[in-house]
Amino acid sequence: MSATAKSDSFRVEPVPVRLEGCSKTFGNGARALEPLDLTIRGGETMVFLGPSGCGKTTTLRLIAGLESPDPGGRVFFGDEDVTRLPIERRNVGMVFQSYALFPNMNVAQNVAYGLRVRSVERRQRDRRVDEMLAMMQMADLAGRRIDQLSGGQRQRVALARALVVRPRVLLLDEPLTALDAKLRDGLRLEIDRLLRGLGITAVYVTHDQGEAMALGDRITVMARGRVAQIGTPQDIYFRPADAFVAEFIGTMNRLPARVDDGILQIGSLQLPWQGPAGTTTVLIRPEDVRLQDDDGVLTGMVSVAVFLGDRTRVVVDVADGSSIIVDAPGRTSVARGDTVRLGFDPARLLSLPDRS
Amino acid sequence: MPSILPARRTLLAVALLAPAAAVFGAFFLLPLARLFALGGGGAEGWGAYAAILVEPRYFESLIQTVLLSAGVTAVTLAISCVSGLFLVRNRFPGRSLLVAVLTFPLVFPGVVIGFMVIMLAGRQGLIGTVTEGLFGSRLVFAYSMAGLFLGYVYFSVPRVILTVMAAAEKLDPQLAEAARSLGASPWQVTAHVVLPALKPAFLSAGAICFATAMGAFGTAFTLATRIDVLPMLIYTEFTLQANIAMAAALSFVLGAVTWAVLALARSFAGSSVAAAG
């Protein structure tokens, strides 16, 4: 598909999306989204990531035009202010978790629907639907009823239906959540290739950090109606802005430490440190911790060792009662009860602002 | 577990089905056959059935009844569809009270509904009084087909509205959102997505509405005088003229015609569903 996805007839002019002071308060007074300023670059895939109720779907629906922002908030597609345009006049493509395919129409009729309501002439409509189905490798399914399709096929029909009208922005609301794990991985790759190939501005909402990392040019991590961090997947993973982002993305160890006279003390390790004296927490990823035979910063006892093939995940109980998760190479042989020493490169330590 | 031989299994199945078959025969097939035979057992013999088609009085009554029921069904579906969808999509203070009030006519027998139609559009009715005050002449339609039509619609709306609401509540709201995202106007969403999805509900509710209207008697009997729907005709033949054979023939035909119209509607809907798929 990667080759055909670059087909010029589906290439679209990338349109940036800008939100200005968009907040959303629902009728019952609940604030779903705090005022948000955000720019999504043309052709970029922006992923909104967060737990349920964090405001990511509300943001997507504001961009779609299914919800309107509280007074004062404005939504721009390029230079055009679309705040007052309803969804049917914004020319967006939308893909839903529940697929939302029309059960009274077959595959080709579903894909053709957007062209039908745009009164595209019959012959041209048929041609574009055929091209789209061929591009999604579904030409042989054109006449199928929707209830004869698998979940993965349904979501591909939904993608085809959203893309055939050449939308300015493609909006995807948890499109893979209803699929089982294996299909999810396959379709995720397909969506990735499709988005790169088309160069379309895309907004992707998910609660799955793996999907977010794999698909996002940039990720907006959200919590309780606010943006916690916006950045590339690497930014989010290696330089989390706060404790929430650090804990939500991947696995993170908290190391108890003390600061005295500008010196940070973790186990036997001493580092020059700026910051107020007292107890503090520094963070480190499991893959940045090493098991070693001598020296080491901390000493502890292995409580769990799980062989995962490419790596062995080891949980080590250290002296002060906390546990540290270590991702060691797969060939590491440690067993429960072994005493191990833990070492790490001080450059890999993360500290967070005080408000955490 | 010892396996049961196929022949014995069949025997067992027949034995287990026997009670149901006996009840079905005794309370459905036999009475129907007896009714059919009765229709052909009068002075005119089987000619009674032919008379329904040949004699204008019977034939016109049959056609009138079918047209009235079809009209009632169409209007009821239209009213219920609009108000049912509105009630499902909108939440407002007093909504549940309104739903309760709308379903209120369910508790009334046809006689009471006929009485209410007379109070509204009868000789001393509200509409008559108002029109006399405004135009100088009384508008009275309670004792005609129009009065019967009004009563039947009033009687049928609650049943249909509840069915439509139940079906509309189960509709995935993302279907309509998907259609809108593709550029469909609200009217197009309704025509292309919502109504097709509600079709099964319309079909079953409409069938019940039609069958009820075909056989309704109480309202017609209350309004009486100038109305000649089939159930009234059967009553007249049976009690006043003691023409039992004719009454039986008419009864049988009433059932057969209702069944045929419903079967037709069902197969038409079924074929259109298949054609769409």
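Counting starts from 1 at the beginning of each chain's written sequence and moves along it residue by residue. Chains and ligands are labelled by the order in which they are written, letters from A for the one and numbers from 1 for the other. For a predicted model such as this one, the threshold for reporting local features is a pLDDT of at least 70, and the threshold for listing and counting side-chain atom pairs is 80 or more; totals across whole chains, interfaces and linings nevertheless cover every residue. To get the side-chain values, take all heavy atoms of the structure and skip hydrogens and water.

When checking whether two residues touch, look at their non-hydrogen atoms; a contact exists if any pair is within 4.5 Å. Contacts between chain A and chain B engage 28 residues on the former and 18 residues on the latter. Buried surface area refers to the total accessible area, computed with a probe of radius 1.4 Å, that the two partners give up upon joining, counted for both partners together. Between chain A and chain B the total buried area reaches about 2,000 Å² when both faces are included, carbon and sulfur atoms providing 55% of it. Looking only at chain A, the three residues that lose the most surface to chain B are Glu88(A), Asn104(A) and Tyr113(A), adding up to 28% of its buried area. Whenever a carboxyl oxygen of Asp or Glu lies within 4 Å of a side-chain nitrogen of Lys or Arg, that contact is scored as a salt bridge. Counting every contact that joins chain A to chain B gives 2 salt bridges. Note that Arg61(A) and Glu177(B) form a salt bridge whose closest N and O atoms lie 2.7 Å from each other. Between N or O atoms, a polar contact is any pair within 3.5 Å; within protein, one atom must be a potential hydrogen donor and the other a potential acceptor, and residues adjacent in sequence are included only when both atoms are from side chains. Where chain A packs against chain B, one counts 8 residue pairs in polar contact (both at pLDDT 80 or more). In this text, helices come from DSSP runs of H or I with a minimum length of four residues, and strands from runs of E with a minimum of two, each type numbered from the N-terminal end. Residue contributions to the side of chain A that touches chain B peak at 5 residues, all from helix α3 (residues 107-117) of chain A. For this classification, the nonpolar set comprises Ala, Val, Leu, Ile, Met, Phe, Trp, Tyr, Cys and Pro, the charged set comprises Asp, Glu, Lys and Arg, and every other residue, Gly included, is treated as polar. Its residues assigned to classes, the side of chain A that touches chain B shows 15 nonpolar, 7 polar and 6 charged.

So, on to the layout of surface pockets. All names here are of chain B. Approximately 460 Å³ is the volume found for the second largest pocket. Sorting the residues of the lining of the second largest pocket by element identifies α3 (56-89), α7 (145-169), α8 (173-181) and α9 (186-215) as the ones contributing at least two each. Considered class by class, the residues forming the lining of the second largest pocket number 11 nonpolar, 1 polar and 6 charged. Here a cavity denotes grid points, spaced 1 Å and computed from the protein atoms alone, that fit a 1.4 Å probe unable to get out, and a pocket denotes an open set having protein on both sides within 12 Å along at least 5 of 7 lines; residues with an atom within 4 Å of a point are the lining. Grid points are joined across faces, edges and corners, and a volume is the space filled by probe spheres set on the points.

What follows is about the sheet that holds strand β16 (residues 298-307) of chain A. All names here are of chain A. Here a strand pair is declared whenever DSSP counts at least two bridges between the two strands. The antiparallel open sheet is built from 5 strands, whose spatial order is β15-β19-β16-β17-β18. Of all the strands in the sheet, just β15 (289-292) and β18 (323-329) have a single pairing partner and so form its edges. Ignoring strand direction, the axes of neighbouring strands in this sheet form an average angle of 45 degrees. By the bridge criterion, 7 bridges tie strand β17 (residues 311-318) to β18 in an arrangement that is antiparallel. Bridged to Val316 within β18 is Ile324. Only the contacting stretch of a helix is used when fitting its axis, a line to C-alpha atoms as for every element, and angles between N-to-C directions run 0 to 180 degrees.

Take the sheet that holds strand β4 (residues 74-77) of chain A next. What the 4 strands build is an open sheet, ordered β2-β1-β4-β5 (chain A); its pairing is antiparallel. Strands with a single pairing partner mark the edges of an open sheet, and in this sheet they are β2 (31-40) and β5 (80-81) of chain A.

What follows deals with the domain arrangement of chain B. Residue and element names in this part refer to chain B. When its domains are assigned, chain B resolves into domain 1 (1-39) and domain 2 (47-269). Placing a centre on the C-alpha atoms of domain 1 and another on those of domain 2 gives a separation of 36 Å. The partner domain 2 presents 8 residues to the 5 residues of domain 1 that form the contact. Approximately 550 Å² of surface area, both sides summed, lies buried where domain 1 meets domain 2, with 79% of it carried by carbon and sulfur atoms. Counting the surface domain 1 buries against domain 2, the share from its top three residues, Leu35, Phe36 and Gly39, is 74%. In this structure, the connection of domain 1 to domain 2 is made through 0 salt bridges. Here domain 1 and domain 2 share 1 residue pair in polar contact (both at pLDDT 80 or more) between them. What counts as a domain boundary in this text is fixed by an automatic or database domain assignment.

This brings us to the packing of aromatic side chains. Residue and element names in this part refer to chain B. Geometry of aromatic contacts follows a simple scheme: Phe, Tyr and Trp rings, the Trp one being its six-membered ring, pair when their centres are within 6.5 Å, and the pair is stacked under 30 degrees between planes, edge-to-face over 60, tilted otherwise. Applying the stated criterion across every chain, the model contains 14 aromatic pairs over all chains. A ring pair is formed by Phe217 and Phe221, whose centres lie 5.2 Å apart and whose planes are at 25 degrees; its orientation type is stacked. Look at Phe217 and you get partly exposed, because its relative accessible area is 29%. Exposure remark for Phe221: the relative accessible area of 40% places this residue in the partly exposed category. Ring pairs connect the aromatic residues Phe36, Trp46, Tyr49 and Phe252, which therefore count as one cluster. The buried label applies to any residue whose accessible area, calculated with a 1.4 Å probe on protein chains only, is under 20% of its type's maximum; exposed applies above 50%, and partly exposed to all values in between.

Take a nonpolar patch on the surface next. Residue and element names in this part refer to chain B. Like charges are joined within 9 Å and nonpolar side chains (Val, Leu, Ile, Met, Phe, Trp, Tyr) within 5 Å, but only among residues with over 30% relative accessible area and no salt bridge; these make up the patches. Where accessible areas are quoted, they stem from the Shrake-Rupley method and a 1.4 Å probe; at the residue level, only the protein chains shown are allowed to cover. A cluster of nonpolar residues, Leu120, Leu126, Val130, Leu134, Phe135 and Leu150, forms a patch on the protein surface that exposes about 590 Å² of accessible area. If you tally residues by element for the nonpolar patch, the top one is helix α6 (residues 126-135), at 4 residues. Along the chain, the position of Leu126 falls in helix α6. The exposure class assigned to Leu126 is exposed, which follows from its relative accessible area of 53%.

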